[in-house]
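# Report on the structure
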Amino acid sequence: MPEPSDSDRRKAARLTPDIATTLLIDCVELGYDIQLKCQYCGHDRTWGRRQMLGAKLRKVLAWPLDRVQRALVCPINGCKGPMPILRLMRGGYQDGFDRADVRRRRAWLIETLLDEGIMPNDVGLTSDILR
Ligand SMILES: [Zn+2]
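Residues numbered from 1 in each chain as written. Predicted model: local features only at pLDDT ≥ 70, side-chain atom pairs only at ≥ 80, totals over all residues.

What follows is about unusual backbone geometry. You will see that K80, though not glycine, has its phi angle at about 55 degrees, which is positive. You can see K80 is positioned in the loop between α5 (65-71) and β3 (85-90). Using a count of 12 C-beta atoms within 10 Å as the deciding quantity, one classes K80 as exposed. In the Ramachandran plot, M83 falls in the positive-phi region, its phi being about 50 degrees despite a non-glycine side chain. Within the secondary structure, M83 is located in the loop between α5 and β3. (Helix = DSSP H or I, 4+ residues; strand = E, 2+ residues; numbered from the N terminus. Buried ≥ 20, exposed ≤ 12 C-beta atoms within 10 Å, placed from the backbone.)

In structure tokens, the structure reads:
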């Protein structure tokens, strides 16, 4: 089988417009995990809430996923392949409230960020909704 071309790889990594513009913080709010698969060596990994709120990713929580994708390289030494294939998956978190309730969900998100020592303002959120 021939090596995929750069254009094949771009095509494989292309995100639908709704996913491309979803922010990383939205994934936390909506209870999604992110699955990443390297197009060069096949290494796959999943970011759950813990990773997204962790030291490395908290700086990019306000980024849309297409920007996150473009900034990523494979973590495997000797690979470092760019543009992983990115998919969203339902995380199966039991947070004790109905995610369809936007107000409750946002209040939960702000509380969760503050618990992690992340200022909601730093990721583009205000706490107005709590007032
Ligand atoms: Zn790789």
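Here we come to the sheet that holds strand β1 (residues 32-37). Pairing between the strands of a sheet comes from backbone hydrogen bonds, and it takes one of two forms, parallel or antiparallel. Spatially, 3 strands are ordered β2-β1-β3 in an open sheet, and the strand pairing comes out antiparallel. Each of the sheet's edge strands pairs with one partner strand only, and the pair in question is β2 (44-47) and β3. With strand direction ignored, the average angle separating the axes of adjacent strands in the sheet is 25 degrees. In terms of strand pairing, β1 meets β2 through 4 bridges, oriented antiparallel. Its bridge partner lying in β2, K37 is registered against D44. (Pairing = 2+ DSSP bridges. Axes fitted to C-alpha atoms, helices over the stretch in contact; angles between N-to-C directions.)

Of all hydrophobic cores here, the largest spans 15 residues; its most connected members are L24, I25, C27, I34, M52 and L61. Counting only elements with at least two residues in this core, the list comes to α3 (24-30), β1, α5 and α6 (102-115). The element that contributes the greatest number of residues to this core is α3, accounting for 4 residues. The residues touching I25, leaving out its near neighbours within four places in the chain, are L61, A62 and V123. (Core = buried A, V, L, I, M, F, W, Y, C linked by C-beta atoms within 7 Å. Contact = placed C-beta atoms within 7 Å.)

Let us now look at the environment of A71. Topologically, A71 is positioned in helix α5. Distance from A71 to V123, taken between C-alpha atoms, is 18 Å for residues 52 residues apart in sequence.

Two elements, β1 and β3, share 6 bridges in a ladder whose sense is antiparallel. What sits directly across from L36, in β3, is L86. The turn linking β1 back onto β2 is made up of 6 residues, and G42 within it adopts a positive phi angle of 85 degrees.

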